[in-house]
Each structure stands twice: as C-alpha cells, then as structure tokens.
Amino acid sequence: MWTKAISSADSICAVAEKDRLDRVHGAATRLRDQLSESRTAARGGAPGPVHAVRLLTAGRALARELDILESLGVLPDGQDERMLAELDGVAGLLGTDVEDLTERARGPRWLEVASPAHGSVDAERRWGRFNAEYVDARRAGTVVIADHCEFEATDRYGVDRLSVDASSIYDDRGALEALADVLDNPSRETVRALRNHLERITASVPEAGDQRYRQKLSERTRTEVSESDVVIAGDGADLHGTTRYHVREVTVPLAELLLEREDLIWALAGRDPANSDRQDREAVQRPILAALREIGDDTLLRHTGRTDGATTVRQVFRGTEVDLAAAVMIGAGNHLTRVSEVDRGHTRDGDLARFHRCLQDTRAARAAERAEQVQHARAAEQARLASAARVAELARTRQARAAEQHRLAEQERAAKQARLAEQGRLAERERLAKRERLAELERAAELARQAQEAVRDEHAELDDPTRDFFGRGMGL
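What you see is a predicted model; the values in this text were computed from it and never measured.

Peer 1: Kindly report on the overall build of the protein, identifying the contributing residues and their values.
Peer 2: In terms of regular secondary structure, the protein is built from 13 helices and twelve strands. Every one of the 476 residues in the protein was classed for burial, and the buried ones make up 35%. Restricting to contacts in the protein with at least 6 residues of sequence separation, those with at least 24 account for 85%. Accessible surface computed for the protein: about 27,900 Å², of which carbon and sulfur atoms make up 49%.

Peer 1: Explain the environment of Thr-362 to me, and be specific about the residues and the numbers.
Peer 2: By the element assignment, Thr-362 lies in helix α13 (residues 352-462). The spacing of Thr-362 and Leu-176 is 186 residues in sequence and 7.4 Å in space, taken between C-alpha atoms. The residues touching Thr-362, leaving out its near neighbours within four places in the chain, are Leu-176, Glu-177 and Ala-180.

Peer 1: So what's going on with the sheet that holds strand β11 (residues 327-331)? Which residues, and what values?
Peer 2: Strand order in this open sheet of nine strands is β2-β9-β10-β3-β6-β1-β11-β4-β7, and the pairing throughout is mixed. Edge positions in the sheet fall to β2 (120-124) and β7 (230-232), since each has one partner strand and no second. Ignoring strand direction, the axes of neighbouring strands in this sheet form an average angle of 30°. As paired elements, strand β1 (residues 110-114) and β11 share five bridges and run antiparallel to each other. By the bridge assignment for β11, Val-113 is matched with Val-328.

Peer 1: Just give me the short version of the pattern of salt bridges, but keep the residues and values in it.
Peer 2: One pass over the full model with this rule turns up 31 salt bridges. When the shortest N-O distance is used, the salt bridge between Arg-261 and Asp-263 registers 3.0 Å.

Peer 1: Can you lay out the side chain of Asp-136 for me, pointing to particular residues and giving the numbers?
Peer 2: With respect to the secondary-structure elements, Asp-136 resides in strand β3 (residues 132-138). Overall, Asp-136 belongs to the buried group, its relative accessible area being 7%. If near-sequence neighbours (up to four positions away) are discounted, Asp-136 is found in contact with Glu-224, Ser-226, Thr-320, Glu-321 and Val-322.

Peer 1: With reference to specific residues and values, describe the packing of aromatic side chains.
Peer 2: Tallied over the entire structure, the rule returns one aromatic pair. Relative to Tyr-245, the ring of Tyr-157 lies with its centre 4.8 Å away and its plane at 15°, an arrangement referred to as stacked. Residue Tyr-157 is located in strand β5 (residues 150-165), and its partner Tyr-245 is located in strand β8 (residues 238-253); the two are separated by 88 residues in the primary sequence. Residue class for Tyr-157 comes out buried when judged on its relative accessible area of 0%. Looking at Arg-214, its charged tip hangs above the ring of Trp-110, at a distance of 3.9 Å from the centre.

Peer 1: Can you explain the environment of Gly-296? Please cite residues and give values.
Peer 2: By the secondary structure assignment, Gly-296 is in the loop between α11 (277-293) and α12 (297-301). Taking the relative accessible area as the measure of exposure, Gly-296 reaches 37% and is therefore partly exposed. C-alpha of Gly-296 to C-alpha of Val-342: the two residues are 46 residues apart in sequence and 9.8 Å apart in space.

Peer 1: Which residues make up helix α8 (residues 188-202), and what are the values?
Peer 2: Over its 15 residues, α8 runs 21 Å from end to end, which matches the ideal 21 Å to within 8%, given 1.5 Å per residue. For α8, the complete set of buried residues consists of Thr-190, Val-191, Leu-194, Leu-198, Ile-201 and Thr-202. Along the long axis of α8, the arc covered by the buried residues comes to 105°, so they all point the same way. Away from its buried face, by an angle of more than 90 degrees, α8 presents the exposed residues Arg-188 and Glu-189. On its buried face, α8 is in contact with α6 (167-170), α7 (173-184), α9 (254-260) and α10 (262-269).

Peer 1: Which residues make up the nonpolar core, and what values go with them?
Peer 2: Ile-169, Leu-198, Leu-254, Leu-258, Ile-288, Leu-300 and Phe-355 are the most contacted members of the largest nonpolar core, which totals 46 residues. With residues near it in sequence (within four places) discarded, Ile-288 still touches Val-164, Leu-254, Leu-257, Leu-264, Leu-268, Leu-352 and Phe-355.

Peer 1: I'd love a proper account of the environment of Leu-268, names of residues and values included.
Peer 2: Position of Leu-268 among the secondary structure elements: in helix α10. For the pair Leu-268 and Val-284, spaced 16 residues apart in sequence, the C-alpha to C-alpha distance is 6.2 Å. Those residues in contact with Leu-268 that lie beyond four places of it in its chain are Leu-183, Leu-258, Val-284, Pro-287 and Ile-288.

Peer 1: Help me get a handle on the side chain of Thr-190, residues and values and all.
Peer 2: Residue placement: Thr-190 occurs in helix α8. We classify Thr-190 as buried; its relative accessible area is 8%. Among the polar contacts made by the side chain of Thr-190, one reaches the main-chain carbonyl oxygen of Asn-185 at a distance of 3.1 Å. Apart from residues lying up to four places away in sequence, Thr-190 is in contact with Asp-181, Val-182 and Asn-185.

Peer 1: Can you tell me about the sheet that holds strand β12 (residues 335-347), naming the residues and giving the values?
Peer 2: Read from one edge of the open sheet, three strands run β8-β5-β12, paired in parallel fashion. Of all the strands in the sheet, the pair left with one neighbour each is β8 and β12. Neighbouring strand axes in the sheet, compared pairwise and without regard to direction, differ in orientation by 20° on average. Taken together, the twelve bridges between β5 and β12 define a ladder with parallel strand orientation. Looking across to β12, one finds that Phe-151 is bridged to Leu-336.

Peer 1: Talk me through α11; I want residue IDs and the actual numbers.
Peer 2: The end-to-end C-alpha distance of α11 is 24 Å, a good match for the 24 Å that 17 residues give at a rise of 1.5 Å each. Within α11, the full set of buried residues consists of Asp-280, Ala-283, Val-284, Gln-285, Ile-288, Leu-289, Ala-291 and Leu-292. Where α11 is buried, its residues contact β5, β8, α9, α10, β12 and α13.

Conventions we followed
- Residues numbered from 1 in each chain as written.
- Predicted model: local features only at pLDDT ≥ 70, side-chain atom pairs only at ≥ 80, totals over all residues.
- Heavy atoms only, no water.
- Helix = DSSP H or I, 4+ residues; strand = E, 2+ residues; numbered from the N terminus.
- Buried < 20%, exposed > 50% of the residue type's maximum accessible area, 1.4 Å probe, protein only.
- Contact = heavy atoms within 4.5 Å.
- Areas by Shrake-Rupley, 256 points an atom, 1.4 Å probe, with all protein chains shown as cover.
- Pairing = 2+ DSSP bridges.
- Axes fitted to C-alpha atoms, helices over the stretch in contact; angles between N-to-C directions.
- Salt bridge = Lys/Arg side-chain N within 4 Å of Asp/Glu carboxyl O.
- Phe/Tyr/Trp six-rings, centres within 6.5 Å; stacked < 30°, edge-to-face > 60°.
- Lys NZ or Arg CZ within 6 Å of the ring centre and 35° of its normal.
- Expected span 1.5 Å × (residues − 1).
- Arc of directions from axis to C-beta.
- Core = buried A, V, L, I, M, F, W, Y, C linked by side-chain atoms within 4.5 Å.
- Polar contact = N/O pair within 3.5 Å; in protein donor to acceptor, adjacent residues only side chain to side chain.

Function cannot be inferred from these measures alone, as they are strictly geometric.
This is the structure in structure tokens:
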C-alpha cells in the first residue's frame, strides 16, 4: 500500500518535471516526502492521526494544482487523467478517493469580477438554472485562476487637470435666473428654488452602477483567457495588482457640485462686494475651485470620460463571458479587495469666465428689469395719484355743485316759505277785513233794524186814535 502510493507520487513528479510543471512538481515532491516520513513513522502499518492529516493536506495541495491545470487546459490530452489516476492510489491509502480529495481541495468555486473604479458591471443573466461550466475572460486587467488567494486590485488614476463645466447652468435660463436671485436675495426660499432647478438639470445623469459581480461556478470549470494584461495561477498567494489610467482632464458639472455642496451656494451668496468685474469674477471662482479640489474620488471618477470602464458579464448556456474587467478571480476561498487612488493635477477654471459673464448679464438684465418695473410702478403710482387727484377734484366739484344746488333749493324753499307766509298774512288780513266788513254790515243792519223799528213805532203812534195831536193819550 505504501509502496504503491509512493510510486504514484514518483510518477506524478516525473511527469511534472518533464513538462516543467513546477508547482505540480513541488506539490508532488512534498507529498512523496510526506509519504516516506509517514511510512517510517507507521512502520508499514496504517498512518497515525497526525500523519494522516499531513498526508491529506499534501494530497489536497497536489489535487488543487492538478485541478488548476485542468481548468486552464494546458495539459495534453489524457495526461490529466493519468495523473489523477496516480493520485487515486494515494487517496486509497488515506481511505478516500480522488473525487473526494479533489472536491475537498477545491471547495465551492466562485467567479468574482470587479470593474474599473470609473465604470460599473453590466450583468445579464439568461440561464439562471445552471452554474457556469466555463468562463471566457477577455480584455481583463488581471485574471487570477487559483484558490485561497488574497488579491488587492488597485486602480490608480493620474489626472492632469481638473476643471468645471458650467454650461448646464448658463444654458438653462431658469437655473441661471434662480442663481442670480440667490446672489441678489440670499434666503432659504431662493436657495430651495435653485436646488429644485439643479435637481432638474442633473436628473439626466445616470447613477453609478454596481462595480462588483459574484457568481457560483460548477465543480469543474474550464477557463479561457484572451487579450488580458496579467494571468496568475497559483494557490494561497497574496497578490497585489495595480492598473494605471491616465486622464488628461476631468470635467465636473457645476450643477452637480452645487447640488452636493449647499455650503458652496451660501459661500457664493455671501462673498464680499467687488470694485471691478475682475475682482467679482475671482470672488466667484475662488470657492468653486476650492470645492473642486475637495471633491471625493468617487464623484471625480464618474466624470473621467473614459469608455473602457463598462465591464460586461453575459451568461450564455452553461458558460459566462466577461469583458473589460479590471480584475477577475476564479476559484475557491478567494478574497478580492478593490482600491482606487487618484493623483490629481492642477485645477482650471474651465468656462467659469463665461459662466460669470452670463451670470452678470442675467443680474444686469434683472436689475434693468427691476428698474423698469420700479419706473413703471412709479409711473403707475403717479398716474394713480393724478387719477385720484382728478377724482378728488371731480368729487369736490360735485360736492360744490351739490352744495350750490342745496343752497339754491334752500333759497327756493325759504322764498316759498316766505311767499306762503306772505300769502298767509294776506289771507289773514283779508279774513280780518272781511270779518270787520261783516261786523260793520251787522252793525249797519242792526241800526237799520232799529231805525225801522223806530219808524214803525212812530207810525204806530201816529195811527193811534187815542192819542191827541201832540201824541198824548186821551185816557179813553
């Protein structure tokens, strides 16, 4: 039993040495030495617990290396099967088989993909019921095909210039007028109105997508790598990879900068008044460029303008295709760490001069409009006052006319009352005169009656026979 296992390890060593498979040769040599040591300690019997663990560890290491070679497809036809058959003799000594030994050495296999820091992973899954049996990695930065590796993938960006793009603001009349309103009348209401315009402008900017992708693979996965910068195959390694990107200029939209930094809006609104247009332009540019230098790496990398960050993962039937990835890891027990570093160059004002000119023109137009509105308001006020004066004069005229009419009516009423009083006095006089005439007539009538009675009495006396000539009675 021991002799067969040592002979199998010797056979694998010979094949690996012939084909210059250094890692396989090293793993097979360590397994052969461990077999010799364990046989001596066991004295030809079954291996003890300590040596059994050591043999299992060495056997799994060799199985892992053979599995990597099989996944890479670098072995001639049938050679991997022959070496696995030799390894099966070692597995029989340990009371297991080569499938179990290989599976335990491999463990669950995963595909891990990382996009560049300035891009994202676009993953499309079509065949969700099957784990991928092969991975086709194209145009990747670094491809690691191994197990139990620590890989730190660093994306280092060298940016020559940082500049600001203010066109989205000065090309939008509403946003420009809202910013001018903030500068002329800073308040929470005007700032809130400006932020609403900025949100409307930046709504078309897509959000950053996922930059990592992880997928479980089949137990045995074939890997194809093409047009990649670095390919690493070796278990248990601590790897560091750096991908360098050169960016001539990164242009950050001013609308996005103002939306993320409300303190920048208040800084622009609270700047000191300037004596000249140049000083005012510098006062506007100073806080904007300071905020540009303080912008975060993630925000900056969204605006590199590079088109090589669109990593794609497409699942076809029983396979996965990866294109333009920064790092790809295929294996079990791996750990991928992504780091991005940005070396920033000098800052440029970009089109801030034009932005300042448009802003000043807008403020001047608004000031002229306000002056015109004030002039119109004054003219309207003067017209209103003149109209009110005319109305007051008309009211006074009407009041005087009404007073005159009232005076005339009062005079007419007084004259009428005087006429009525005169007519009353005349009527009273006439009544009194009439009464006097009636009294006079009554007195005349009374006198006439008395005269008649006197005459009648006189005639009666004359006609009395008993009276003498002198009218004396005869006493008869």
